[in-house]
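# Inside the fold
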Amino acid sequence: MENRLETSLSGIRLNNPVIPASGTFGFGREMTAWYDIDCLGAISIKGTTPEPRYGNPQPRIAECGNYGMLNAVGLQNPGVKVVVDNEIPQLSQVFHQPIIANISGFSIDDYVFAARQMDQTDGVAIIEVNISCPNVHNGGMAFGTQPQAAAQVTQAVKAVTHKPIYIKLSPNVTDITQIARACQDAGADGLCLINTILGMRIDIARRQPVLANRYGGYSGPGIFPVAVRMVNQVARSCQLPIIGCGGVSRAEDVIEMMMAGATAVEIGAQNLVNPLACKQIIEDLPKVMDRLHIHNIKDIIACVNE
Amino acid sequence: MTQTQYIVTCNEQIASGIWSMRLRGNTAAITAPGQFVNLQLPGLFLRRPISVCDWSEDEMRIVYKVVGEGTRYMSRIEVGVSMNVLTGLGNGYDIRPCGDSPLLIGGGVGVPPLLGLAKRLRMSGKAPQVLLGFNSDKDVILADEFTRLGCTVQVATMDGSCGIRGLVTDAIPDHYSYYYACGPLPMLRALLAQMTQDGQLSLEARMGCGFGVCMGCTIQTQYGPQRVCKEGPVFRNTELTTDI
């Protein structure tokens, strides 16, 4: 039977375009308590670095009213060995859709090391290279804010891998299309955007930053228009497939993000406040598509650019 | 863990800035005292994690202090309002190692989850000693309810306006088999340094999700990083370091 929600990333078929974003879904296994995660298009698992990391000091979460939240988790993860040996095999037992391995690092060598491990791991379909974490110093976002550095990471990772490489871009730049084109020219297979927007909250009673890290990444419904704009800008200046991400909280947002130019869509902060968000969005999509006279979801990708 | 709707049946002030709310709904997911719920509030993105004070088959009680926007909103919620709640979160207290004379130590708004614990200890035939610390007599909560359960209650206040003057850590009895604590971090740190028997301590943290996926509330423990919302909020004293 025809699947109206089907989409594909670099030849990898997804039953639907809905993907929980890295950092908002753990390593997937934790979410099986809420629903059968096999309904998801794919899962982007928690960002992984070569060595285990605790991350930043507490507090590392702050609220932004109705609009979203700040996080300064700082890439807490058990290290690539544990992820490859334990987390991915355990996830593979309960999840039979593509797994997107999100990797991060503090040097080109870090990215190369983590990418090589993920490339050799069964179950990993796509490697998502995070060059946009705003919460770590001397790394992460530093690679995502200069076209040349972004190209270097892309090229180095491509040289040691066979699986599709998607570069996760930072919105904290003057012109995201420059970074996107640099990644494309360096051989990236796709792009994922946007990561969180650097933000700050102040406890006005204590006259202190809320976050111990002072600044953190802003996510949630408030960043959705920024994400749609950037996805559209990149779609108009690049040929690569795009995973759209940023503030998506309902089926209509998925449609909008795809119309802007995304081939698939990641859901982030919404998972934290509604653990059933992705499942509900997938269930709502056909109804919203009917209302909007969309037959196949693939038909709307980048339709605003036509 | 489950997401469910509760109806507010009571929401009343019980001390200075402290409110008690009763909610009717399915409590099947709550399996141990010391677990918490995460409340969705209109106009606020993140849910608010609040410890369960006590529960029955179809009713749950939470006791909370108004400290910010979320709890201020909660204090204005009227009877009959329906709330979206993630319930049965966290591990809760393990009553099995309590021994013959468990000691319950609560500080301020950390007292409420100990009431549900005291009730379950009483149901298993134990006679808990309860030590409660507050700043002043206007802050004292639930002391009479512990007494009604049949617990021996000692109150300590900083200004001496109720019970003995001083901190709970000044009033630790010589004899107890095991302890259960919930309260501010300085109190928990002092207990970790001072207590001679083992115990369990419940921590508080700023949370993103409340169910273990965002890593927002992680603390360092003797056994590596642990999530307050998932591996906790209750930790054994042997798991914690005094620099929590």
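Everything numeric here is computed off the predicted structure, so don't read it as measured data. (Residues numbered from 1 in each chain as written. Chains lettered and ligands numbered in written order. Predicted model: local features only at pLDDT ≥ 70, side-chain atom pairs only at ≥ 80, totals over all residues. Heavy atoms only, no water.)

### Some thoughts on the overall build of chain A
- For chain A, the count of helices and strands is eight helices and 16 strands.
- By the compact-globule yardstick of 19 Å for 306 residues, chain A fits well, its C-alpha radius of gyration being 18 Å.
- When its C-alpha atoms are laid out on the principal axes, chain A stretches across 50 × 50 × 40 Å.
- Across the 306 residues that make up chain A, the buried fraction comes to 63%.
- Counting contacts in chain A only where the partners sit at least 6 residues apart, residues at least 24 apart contribute 72% of the total.
- Positive and negative side-chain charges of chain A, numbering 23 and 27 respectively, have mean locations separated by a distance of 6 Å. (Helix = DSSP H or I, 4+ residues; strand = E, 2+ residues; numbered from the N terminus. Rg over C-alpha atoms; globule rule 2.2 N^0.38 Å. Buried < 20%, exposed > 50% of the residue type's maximum accessible area, 1.4 Å probe, protein only. Contact = heavy atoms within 4.5 Å. Lys, Arg positive; Asp, Glu negative; His and termini not counted. Charge placed at Lys NZ, Arg CZ, Asp CG, Glu CD.)

### Comments concerning the sheet that holds strand 16 (residues 264–267) of chain A
Residues and elements named next belong to chain A.
- Read from one edge to the other, the open sheet built from eight strands follows the order 3-16-15-10-9-8-7-4, with strand pairing classed as parallel. Strands with a single pairing partner mark the edges of an open sheet, and in this sheet they are strand 3 (18–20) and strand 4 (43–44).
- Looking at chain direction, strand 9 (residues 165–168) and strand 10 (residues 190–193) are connected through three bridges and run parallel. From the neighbouring strand, K168 faces strand 10, where its bridge partner is C192.
- Contacts between helix 2 (residues 108–119) and the sheet are confined to strand 7 (99–103) and strand 8 (124–130), with strand 8 contributing the most and set at about 165 degrees to the helix. (Pairing = 2+ DSSP bridges. Axes fitted to C-alpha atoms, helices over the stretch in contact; angles between N-to-C directions.)

### Topic: the pattern of salt bridges
All names here are of chain A.
- In total, this model carries 23 salt bridges over all chains according to the counting rule given.
- Residue K287 pairs with D284 through a salt bridge whose shortest N-O separation is 3.4 Å. Placement of both K287 and D284 in helix 8 (residues 277–291) is noted, with a separation of three residues, approximately one turn of the helix.
- For K287, a relative accessible area of 55% corresponds to the exposed category.
- Here the residues in one salt-bridge network are R250, E252, D253 and R291, joined through shared partners. (Salt bridge = Lys/Arg side-chain N within 4 Å of Asp/Glu carboxyl O.)

### Concerning the side chain of Q76 of chain A
- Checked against the element boundaries, Q76 of chain A lands in the loop between strand 6 (68–71) and helix 1 (80–94).
- Judged by relative accessible area, Q76 of chain A falls into the buried class, the value being 8%.
- Only 2.6 Å separates the side chain of Q76 of chain A from the side chain of T218 of chain B, close enough to count as a polar contact.
- Not counting chain neighbours up to four residues away, the residues in contact with Q76 of chain A comprise K46, G47, R53, Y54, G55 and R60 of chain A together with M215, T218 and P225 of chain B. (Polar contact = N/O pair within 3.5 Å; in protein donor to acceptor, adjacent residues only side chain to side chain.)

### So, the interface of chain B and chain A
- Taken together, the contact between chain B and chain A spans 28 residues of the former and 33 residues of the latter.
- Summed over both sides, the interface between chain B and chain A buries roughly 2500 Å², with carbon and sulfur atoms accounting for 63% of that surface.
- Counting across the interface, chain B meets chain A through two salt bridges.
- Residue E63 of chain A is joined to R48 of chain B by a salt bridge in which the shortest nitrogen-to-oxygen separation is 2.7 Å.
- Inspection of the region where chain B meets chain A yields 16 residue pairs in polar contact (both at pLDDT 80 or more).
- Looking at the side of chain B that touches chain A, the elements that each hand over two or more residues are strand 1 (2–15), strand 7 (82–89), strand 14 (218–221) and strand 15 (224–227) of chain B.
- The dominant element in the side of chain B that touches chain A, judged by the number of residues it contributes, is strand 14 of chain B, at three residues.
- Across the side of chain B that touches chain A, the residue classes break down as 15 nonpolar, nine polar and four charged. (Buried area = accessible area lost by both parts, 1.4 Å probe. Nonpolar A, V, L, I, M, F, W, Y, C, P; charged D, E, K, R; others polar.)

### Concerning the domain arrangement of chain B
Residue and element names in this part refer to chain B.
- Partitioning chain B into domains gives domain 1 (2–89) and domain 2 (96–202).
- With 15 residues of domain 1 at the contact, the number on the domain 2 side is 14 residues.
- Taking both partners together, domain 1 and domain 2 bury about 1200 Å²; carbon and sulfur atoms supply 62% of that area.
- One can count three salt bridges joining domain 1 with domain 2. (Domains from an automatic or database assignment.)

### Comments concerning the packing of helix 2 of chain A against helix 3 (residues 147–159) of chain A
Residues and elements named next belong to chain A.
- At a minimum axis distance of 9 Å, the contact between helix 2 and helix 3 shows a crossing angle of 35 degrees. Taken as a pair, helix 2 and helix 3 cross one another with a handedness that is right-handed. Along its contact with helix 2, which presents I108, Y111, V112 and A115, the element helix 3 presents Q152, V153, A156 and V157.
- Split into classes, the residues belonging to the contact of helix 2 with helix 3 amount to seven nonpolar, one polar and no charged. (Left-handed = near helix turned anticlockwise from the far one by under 90°.)

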